[in-house]
Amino acid sequence: MNSKLPSLGFAGIGLMGLPMCRRLLAAGYPLTVWNRSPDKCAALVAAGARLASSPAELCRDSDMVLLCLADTAVVREVVFGEQGIAQGGRSGQLLVDFSSLEPTATREMAAELAALCGMAWLDAPVSGGTPGAEAGTLAIMVGGAAADLERARPVLQVLGQRVTHMGAVGAGQVTKACNQMIVACNALVIAEVVALAEQSGVDATLIAEALAGGFADSRPLQILAPQMAESRFEPIKWHVRTLLKDLDSAVKLSREQGSATPLSGLAAQLMRLHASQGYLEKDPATLVELYRSKG
């Protein structure tokens, strides 16, 4: 049966990439992996994945190449750099990018890759964090040709519970920017709420439970409020730097489109302030420290 499944290459074995790859292996897909630090691939190789020495080599035996990388600059390097995907790719192959990137850059890179080697591009950013990656319940928002998405859909359904075609290349990234605007602004106001409750003498550990099912309820509230109230900042499930990067990308997009995003602009500056105080690599639950009285 496995021989009928398309062979996959996966670049970027990080907080999200590792559990996503585990699911693909469990579903029986032939998998080749590459990561800048090869040691992060050890557990996957032990579970049956093959290790590639470069992104170009990743393309050699793969019908689809999947990316889950840090930002636009890293994706550009992995795709177009020395021994990059553009050097190993060929017509008929499909690149599926789970990273959160700038939509304009995504469109430019997709056009450049197609011109260089004929490889098609789907931008398929995800939401749901590491728990969603582990459980296969990610929300995946896709930009690209409908026929390319249909090819990739069985793979995406191993990873996510919802796959939505948002439009042409770049549309998935626009949707992810909208997602991150809501998530980041939510995280910041939850931090304000927890700090205000504490300073008012209310048990902030009860906030999430008290508001559950009401109009203020959300998954960020249920996850972040208890962590903030208990100052439980580890293990780190996601990073302040990720939210900051995505907010900056959203604000840049809004400028390009002439669309006003004042709350997200303020959120980006508050996130930058928090990051500058030593929290760049920390969990966003630490945002509560912005508002706690230091006296």
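Residues numbered from 1 in each chain as written. Predicted model: local features only at pLDDT ≥ 70, side-chain atom pairs only at ≥ 80, totals over all residues. Heavy atoms only, no water.

## Some words on the pairing of strand E8 (residues 138–143)
Inference 1: Within E8, 5 of the 6 residues are buried, leaving the element largely enclosed by the surrounding structure.
Inference 2: Pairing between strand E7 (residues 126–127) and E8: 2 bridges, direction antiparallel. Bridging from a neighbouring strand, serine 127 pairs with alanine 139 of E8.
Inference 3: Both E8 and strand E9 (residues 160–167) contribute to a ladder of 6 bridges, which runs parallel. Bridge pairing in E9 places glycine 143 opposite glycine 167.
Inference 4: For the segment spanning E8, helix H8 (residues 146–159) and E9, crossover handedness is right-handed. (Buried < 20%, exposed > 50% of the residue type's maximum accessible area, 1.4 Å probe, protein only. Helix = DSSP H or I, 4+ residues; strand = E, 2+ residues; numbered from the N terminus. Pairing = 2+ DSSP bridges. Right-handed = clockwise from strand over helix to strand, strands pointing away.)

## Notes on helix H6 (residues 103–117)
Inference 1: Its 15 residues place the ends of H6 21 Å apart at the C-alpha level, agreeing with the 21 Å of an ideal helix rising 1.5 Å per residue.
Inference 2: Those residues of H6 that fall on the buried side of the exposure criterion are Pro103, Ala105, Thr106, Met109, Ala110, Leu113 and Cys117. Here the buried residues of H6 occupy an arc of 145 degrees about the axis, which is enough to place them on one side.
Inference 3: At its buried positions, H6 is contacted by helix H4 (72–80), helix H5 (85–88), strand E5 (94–97), strand E6 (120–123), helix H9 (171–199) and helix H12 (240–257).
Inference 4: Directly beyond the C-terminal end of H6, a positive phi value near 85 degrees is found at glycine 118. (Expected span 1.5 Å × (residues − 1). Arc of directions from axis to C-beta. Contact = heavy atoms within 4.5 Å.)

## Describing empty space enclosed by the protein
Inference 1: In this structure the tally under the stated criterion is 1 cavity of 30 Å³ or more.
Inference 2: Here the largest cavity defines a volume of roughly 50 Å³.
Inference 3: Ser100, Leu101, Gln173, Lys176, Ala177, Gln180, Asp246 and Ser249 together form the lining of the largest cavity.
Inference 4: Of all the elements in the fold, those that place two or more residues in the lining of the largest cavity are H9 and H12.
Inference 5: Here the lining of the largest cavity gets 4 residues from one element, more than from any other, and that element is H9.
Inference 6: Considering only residue class, the lining of the largest cavity consists of 2 nonpolar, 4 polar and 2 charged. (1 Å grid on protein atoms, 1.4 Å probe; cavity = no way out; pocket = protein on both sides within 12 Å on 5 of 7 lines; lining within 4 Å. Points joined across faces, edges and corners; volume = space filled by probe spheres on them. Nonpolar A, V, L, I, M, F, W, Y, C, P; charged D, E, K, R; others polar.)

## Quick word on the side chain of glutamine 173
Inference 1: Its location among the elements puts glutamine 173 in helix H9.
Inference 2: Beyond its immediate stretch of four places on either side in the chain, glutamine 173 contacts Asp97, Ser99, Ser100, Leu101, Pro103, Thr106, Asp123 and Pro125.

## Concerning the UniProt feature "domain: 6-phosphogluconate dehydrogenase NADP-binding" (unreviewed entry) in the chain
Inference 1: Within this numbering scheme, the UniProt entry marks residues 8–167 as carrying the feature "domain: 6-phosphogluconate dehydrogenase NADP-binding" (unreviewed entry).
Inference 2: Secondary structure content for residues 8–167 is 44% helix and 24% strand, while the C-alpha to C-alpha distance between its ends is 24 Å. (UniProt positions renumbered as here; feature names shortened; annotations may be inferred.)

## Observations regarding the nonpolar core
Inference 1: Phe10, Met20 and Phe98 are the most contacted members of the largest nonpolar core, which has 35 residues in total.
Inference 2: Elements represented by at least two residues in this core include exactly strand E1 (8–11), helix H1 (17–26), strand E2 (31–34), strand E4 (64–67), E5, E8 and H8.
Inference 3: For this core, the element with the most residues is H8, which contributes 6 residues. (Core = buried A, V, L, I, M, F, W, Y, C linked by side-chain atoms within 4.5 Å.)

## Side note on the packing of H9 against helix H13 (residues 262–279)
Inference 1: In contact at an axis separation of 10 Å, H9 and H13 are set at 60 degrees when each is read in the N-to-C sense. In terms of axis orientation, H9 runs oblique to H13. The hand of the H9/H13 crossing is left-handed. Two secondary-structure elements touch here, H9 through Met181, Ala184, Cys185 and Leu188 and H13 through Leu263, Ser264, Ala267, Leu270 and Met271. (Axes fitted to C-alpha atoms, helices over the stretch in contact; angles between N-to-C directions. Parallel < 35°, antiparallel > 145°, perpendicular 65-115°, else oblique. Left-handed = near helix turned anticlockwise from the far one by under 90°.)

## Here's the deal with the packing of aromatic side chains
Inference 1: Under the definition given, this model contains 1 aromatic pair.
Inference 2: On the numbers, 6.3 Å between centres and 25 degrees between planes, the contact of phenylalanine 10 with phenylalanine 98 is stacked. Pair noted here: phenylalanine 10 is in strand E1 and phenylalanine 98 is in the loop between E5 and H6, with a separation of 88 residues, a long-range link.
Inference 3: For phenylalanine 10, a relative accessible area of 0% puts it in the buried group. (Phe/Tyr/Trp six-rings, centres within 6.5 Å; stacked < 30°, edge-to-face > 60°.)

## Some points on the pattern of salt bridges
Inference 1: As enumerated under the stated definition, the model contains 12 salt bridges in all.
Inference 2: A salt bridge links arginine 60 to aspartate 61; its shortest N-O distance comes to 3.6 Å.
Inference 3: Notably, a salt bridge pairs arginine 292 with glutamate 198, separated by 2.8 Å at the nearest N-O pair. A residue pair is termed long-range when its members are at least 10 positions apart, and arginine 292 in the segment after H13 and glutamate 198 in helix H9 qualify at 94 residues.
Inference 4: The network of salt bridges with shared partners includes Arg50, Glu57, Arg60 and Asp61. (Salt bridge = Lys/Arg side-chain N within 4 Å of Asp/Glu carboxyl O.)

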